[in-house]
Protein chains: 2
Amino acid sequence: MQQDREMKELPYKIFLEEKELPCAWYNLRADMPVKPAPLLNPATGEPVTSQELEKVFCSEGVRQELDDEHPWIPIPEPVRDFYRVYRPSPLVHAEFLEKLLDTPARIFYKFEGNNTSGSHKLNSAAAQAYFVKAQGLKGVTTETGAGQWGTALSMACAFFGLECKVYMVKVSYEQKPFRREVMRTYGAEVTPSPSETTQVGRKILAEFPGTGGSLGCAISEAAEAAVTRPGYRYVLGSALNQVMLHQSIIGLETKAALDKYGITPDVIIGCAGGGSNLGGLIAPFAGAKLRGEADYRMIAVEPVSCPSFTRGRFAYDYCDTGRICPLAKMYTLGSSFMPAPEHAGGLRYHGMSPVLSQLYHDHVIEARTVRQTEVFAAARDFARVEGILPAPESSHAIRAAMDEALECRKTGRRETIVFGLTGTGYFDMKAYERFNNGEMQDLPLSDEVLTESLNRLPRF
Amino acid sequence: MQQDREMKELPYKIFLEEKELPCAWYNLRADMPVKPAPLLNPATGEPVTSQELEKVFCSEGVRQELDDEHPWIPIPEPVRDFYRVYRPSPLVHAEFLEKLLDTPARIFYKFEGNNTSGSHKLNSAAAQAYFVKAQGLKGVTTETGAGQWGTALSMACAFFGLECKVYMVKVSYEQKPFRREVMRTYGAEVTPSPSETTQVGRKILAEFPGTGGSLGCAISEAAEAAVTRPGYRYVLGSALNQVMLHQSIIGLETKAALDKYGITPDVIIGCAGGGSNLGGLIAPFAGAKLRGEADYRMIAVEPVSCPSFTRGRFAYDYCDTGRICPLAKMYTLGSSFMPAPEHAGGLRYHGMSPVLSQLYHDHVIEARTVRQTEVFAAARDFARVEGILPAPESSHAIRAAMDEALECRKTGRRETIVFGLTGTGYFDMKAYERFNNGEMQDLPLSDEVLTESLNRLPRF
């Protein structure tokens, strides 16, 4: 009864006020007893130095990438100004989903899709663009697959007055003209990759004429373009330590909103591709757990087609298919792994954030896989009651949260479940169409394919 | 100085709390000294009766359509529940746009695009779906052109458990498969119009084999489907009095948010196609003006290609191209008017809300036209500083607001400008592409074409 009264007073959407917007990012690494292993220079096998990294990233980015000590990094005022355009984002009490599932569990989701980029990617794009600009540099290069990261970066560059050069995987460039036009509207220069504009692009085109490109190839082109253009730096949307840091804003806001209503989560769930959303969402909760102040279950959800945590190996591997970037110690399926055509493009990464990898290795977080047909069924059910059409990536977390809540219906446990709803699916309607037409299939990964890829892992 | 301190304390986004969500819609007609003229039965030329209207609309819809007396109509709790999913919507202080324009004016916009339908249409869809459901009926039919209204209605029907049959103009059905799939994901049945499923559709197909359809034809099919299917009613997304009523929630929230910070607008601006957004936004302000309590300038913005207010005639005309619906007294370009292929599909309507038409006739509101290239230039500039990629329709209001603010820069006046940002442009990227490529043209309307259309107006 007491609990029911509480529930009535809880708003559907918990909006923090602008003055409650966090002033600092939380650097989880500072509280990790075992730090993530250092990046290695692929040529020497030695840990990369800040001098080496500064050829590619801006100085502040390098500092953040290597900082395992300071728990709080202040958010510069201009970045907070930009955050105010779309943050604090709402924490939603999913009461209609609870009713649909007839569960005693309470479900909350942190919605990061209420901005034009349609996802949480903007949180790191804003920070990275600002630091490049503040260093007096001219522009940035990056790669994009489906286009969410490229869109976010274009928006941030338009805001801070920075040039933005995006290498977009050629098949996506051709199949997703809308995404391309959003980036162009924000002033970005979008080049289909592979292209004639870089040495590596020309080499690949000569070798594979007519190729549709790949993310690995686009990374190589973007990196080359950054180091060969004066005043340019390369930026990346996931996996990196600095990206985890910027994304901690998700978790900090989530915790502030829950604290405001005296709610303690039992389970925190997020989808994991490179890990930026999950890493950000769990950051302050994992910190409290590591410091022994609280305990939470934290679950990474990944597709059966690309199961880095659940079937990968914890080892040093290349971060890119082209093997030109540093090596990271992480859960990996091998940099030569080619995932099946899973519709959640943002989860098709062979590796995983070194921070999250270490946490998983140390049993601080769990992981599970879900099949894409059950993911889309969850997405559809969620959309119909909660109104938001979710991105396929985010829907992995919805699936897992619904499964948890259905388990609570069986056991009668009143768990409090929090999950990250990273973005919207407006540009994923081809995938929904396949699902709506009953044409979607699951994409299990055979032991044979996996073993072959893992056998090619480098020895470091 | 005092003013500057005030500005600092003003948040970028003014969010009302959920408990501040209005409990009643405001019926502006109750405060109009001259009421909008009654709808006429096309067969008899007499005012339509509620009995006649109840064949097409649900009972509560009919009551609201004809109510010129009661200023406040309570919002049923289930509709307020649905509103809580995406409302109150933010009123944004466009400080970055002000800076870009270097204007002494203060600019605010009410953003209605933060929901999956991408526009304000959901406000009336929720109400209409609920009243049909509450009457114990089975489903609704409607037409949709570009798909925004159809999406909104699909979402509302999914939420309230109602069947939803959408006739979508065939060219849009084929060219906008993403919109179609959103509706299908929400459980709607989407039929390209003209179709074989109705008598009028078969007739049109026989006469014009291979036609791409039109909104007029889709209306006819939807209306026929509603009256021939037991338990079905027809619903419409704009122009109707009941739609203006539901959309008053936009203006009520806007006024509540402004009042909270002691801000009084000088100018209120909205785009106008059928008039639902503008009518909703200005409702409480126009009411105060009509009651002599306050004065505001209120501006309707329309495309030069479809200038109902500025070049139309105030006369009785058919609401639909097929001439099967009642006649309304309104500013009209003639029901046979075919607008040029303007990219703001939602503004390509030959007529105008009878409520707004009467207000314009009585000099309570003003109107002006803008050209689509200058509209897209405003959209681009707005997107780059304010982050939101606006719908072409909404960008008409942005253009006019920017022009007002630039005028203030010349005169030094510190006007407070409020405009309605009705929605997002994610599904309009083909139009943006034409603009980005420099291929967009303005679409002036010749006197000849207009005169020919006006000469065909019916005599009532």
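Q: Where do I start with the sheet that holds strand 11 (residues 297-303) of chain A in this structure?
A: Adjacent strands of a sheet form backbone hydrogen bonds with each other and so pair up, either parallel or antiparallel. All names here are of chain A. Spatial strand order, 1-4-5-15-10-11-14: seven strands in an open sheet with mixed pairing. Looking along the sheet, the strands with just one partner apiece sit at the ends: strand 1 (13-14) and strand 14 (366-370). The strands that helix 16 (residues 372-386) touches are strand 4 (91-93), strand 5 (106-111), strand 14 and strand 15 (416-421); relative to strand 14, the one it contacts most, it runs at about 95 degrees.

Q: Would you mind showing me how to read empty space enclosed by the protein here?
A: Take a probe with the size of a water molecule and roll it over the atoms, and the empty space left behind shows itself. Taken as a whole and assessed by the stated rule, the structure comprises seven cavities of 30 Å³ or more. Roughly 620 Å³ of volume is contained in the largest cavity. In terms of lining residues, the largest cavity is bounded by 49 residues, among which Phe111(A), Asn114(A), Phe111(B), Asn114(B) and Asn115(B) are the most central. Mapped by element, the contributors of at least two residues to the lining of the largest cavity are helix 4 (77-86) and strand 5 of chain A together with helix 4 (77-86) and strand 5 (106-111) of chain B. Looking at the lining of the largest cavity residue by residue, the class counts come to 28 nonpolar, 16 polar and five charged. When its volume is computed, the second largest cavity comes out at roughly 100 Å³. Lining the second largest cavity, in full, are Tyr26(B), Asn27(B), Leu28(B), Arg29(B), Asn241(B), Met244(B), Leu245(B), Gly279(B), Ala283(B), Val355(B) and Leu356(B). For the lining of the second largest cavity, the elements supplying multiple residues, two or more each, are helix 12 (241-260), helix 13 (276-290) and helix 15 (354-361) of chain B. The element contributing the most residues to the lining of the second largest cavity is helix 12 of chain B, with three residues.

Q: What is the right way to look at helix 3 (residues 59-66) of chain A in this model?
A: Counting along an α-helix, one turn takes 3.6 residues, and residues three or four places apart therefore face a common direction. For helix 3 of chain A, the complete set of buried residues consists of Ser59(A), Gly61(A), Val62(A), Gln64(A) and Glu65(A). Buried residues along helix 3 of chain A sit in contact with strand 2 (24-26), helix 2 (50-53), strand 3 (72-74), helix 6 (122-134) and helix 12 (241-260) of chain A.

Q: Which parts of the structure should I look at to understand the domain arrangement of chain A?
A: Accessible area lost when the parts come together is the quantity often used to give the size of an interface. Residues and elements named next belong to chain A. Once the domains are mapped, chain A shows domain 1 (2-79 + 119-234) and domain 2 (91-117 + 241-454). Each partner contributes to the interface: domain 1 provides 62 residues, whereas domain 2 provides 61 residues. With both sides pooled, the region where domain 1 packs onto domain 2 buries about 5,400 Å², and carbon together with sulfur makes up 63% of that total. The largest contributions to the domain 1 side of the interface with domain 2 come from Tyr12, Ile14 and His120, which together make up 14% of the buried area. Put simply, domain 1 and domain 2 have three salt bridges between them. Residues Asp31 and Arg291 are paired through a salt bridge, measuring 2.9 Å at the closest nitrogen-oxygen approach. Where domain 1 meets domain 2, there are 22 residue pairs in polar contact (both at pLDDT 80 or more). For the side of domain 1 that touches domain 2, the leading source of residues is helix 6, giving six residues. Looking at the side of domain 1 that touches domain 2 residue by residue, the class counts come to 37 nonpolar, 14 polar and eleven charged.

Q: So what exactly am I meant to see when it comes to the confidence of the model for chain A here?
A: Detailed reading of predicted coordinates is not advised where the pLDDT is low. All names here are of chain A. Averaged over chain A, the pLDDT score is 94; the fraction of residues at 70 or greater is 98%. Throughout residues 1-6 the model reports pLDDT below 50, and contacts reaching past four residues in sequence, or to other chains, amount to two contacts. Per the prediction output, this complex has pTM 0.95; the corresponding ipTM is 0.93.

Q: Even after reading the chapter, I still don't get the relation of the copies chain B and chain A, so can you show me in this structure?
A: Here the second copy of the chain follows from the first by a rotation about an axis and a shift along it. In screw terms, the move from chain B to chain A is a rotation of 180 degrees and a rise of 0.0 Å along the axis, fitting with an RMSD of 0.0 Å. Expressed as an axis order, the relation between the two copies is that of a two-fold axis. Residue Asn114(B), judged by its C-alpha, is the member of chain B lying nearest the rotation axis, at 3.2 Å. Both copies share a contact surface, since 100% of the interface residues of chain B are interface residues in chain A too.

Q: Just to check I follow, could you spell out the packing of helix 10 (residues 199-207) of chain A against helix 11 (residues 215-228) of chain A for this structure?
A: Working note: a packed helix pair is described by the angle between its axes plus the distance between those axes. All names here are of chain A. Running from N to C, helix 10 and helix 11 cross one another at 145 degrees; their axes reach a closest spacing of 8 Å. Between helix 10 and helix 11, the contacting residues are Gln199, Val200, Gly201 and Ile204 on the first element and Cys217, Ser220, Glu221 and Glu224 on the second. Across the contact of helix 10 with helix 11, the residue classes break down as three nonpolar, three polar and two charged.

Q: For this particular structure, what's the right way to read the environment of Tyr331(A)?
A: Tracing the backbone shows Tyr331(A) in strand 13 (residues 327-332). Taking C-alpha positions, Tyr331(A) is 8.7 Å from Thr310(A), a pair spaced 21 residues apart along the chain.

Q: What's the story with the pairing of strand 10 (residues 267-271) of chain B in this structure? I'm lost.
A: In summary, the side chains of a regular strand alternate between the two faces of the sheet. Residues and elements named next belong to chain B. With five of its five residues buried, strand 10 lies for the most part within the structure. The alternating pattern of strand 10 places Val267, Ile269 and Cys271 and Ile268 and Gly270 on opposite faces, both of which are buried. As judged from the five bridges shared by strand 10 and strand 11 (residues 297-303), these two strands associate in the parallel manner. The residue bridging Ile268 from the neighbouring strand is Met298, located in strand 11. Once you follow strand 10 into helix 13 and on to strand 11, the crossover reads as right-handed. Here strand 10 runs beside strand 15 (residues 416-421); their pairing, made up of three bridges, is parallel. Paired with Ile269 across the bridge in strand 15 is Phe419.

About the thresholds
Residues numbered from 1 in each chain as written. Chains lettered and ligands numbered in written order. Predicted model: local features only at pLDDT ≥ 70, side-chain atom pairs only at ≥ 80, totals over all residues. Heavy atoms only, no water. Pairing = 2+ DSSP bridges. Helix = DSSP H or I, 4+ residues; strand = E, 2+ residues; numbered from the N terminus. Contact = heavy atoms within 4.5 Å. Axes fitted to C-alpha atoms, helices over the stretch in contact; angles between N-to-C directions. 1 Å grid on protein atoms, 1.4 Å probe; cavity = no way out; pocket = protein on both sides within 12 Å on 5 of 7 lines; lining within 4 Å. Points joined across faces, edges and corners; volume = space filled by probe spheres on them. Nonpolar A, V, L, I, M, F, W, Y, C, P; charged D, E, K, R; others polar. Buried < 20%, exposed > 50% of the residue type's maximum accessible area, 1.4 Å probe, protein only. Domains from an automatic or database assignment. Buried area = accessible area lost by both parts, 1.4 Å probe. Salt bridge = Lys/Arg side-chain N within 4 Å of Asp/Glu carboxyl O. Polar contact = N/O pair within 3.5 Å; in protein donor to acceptor, adjacent residues only side chain to side chain. pLDDT = per-residue confidence, 0-100. Least-squares fit on C-alpha atoms with pLDDT ≥ 70 in both. Right-handed = clockwise from strand over helix to strand, strands pointing away.

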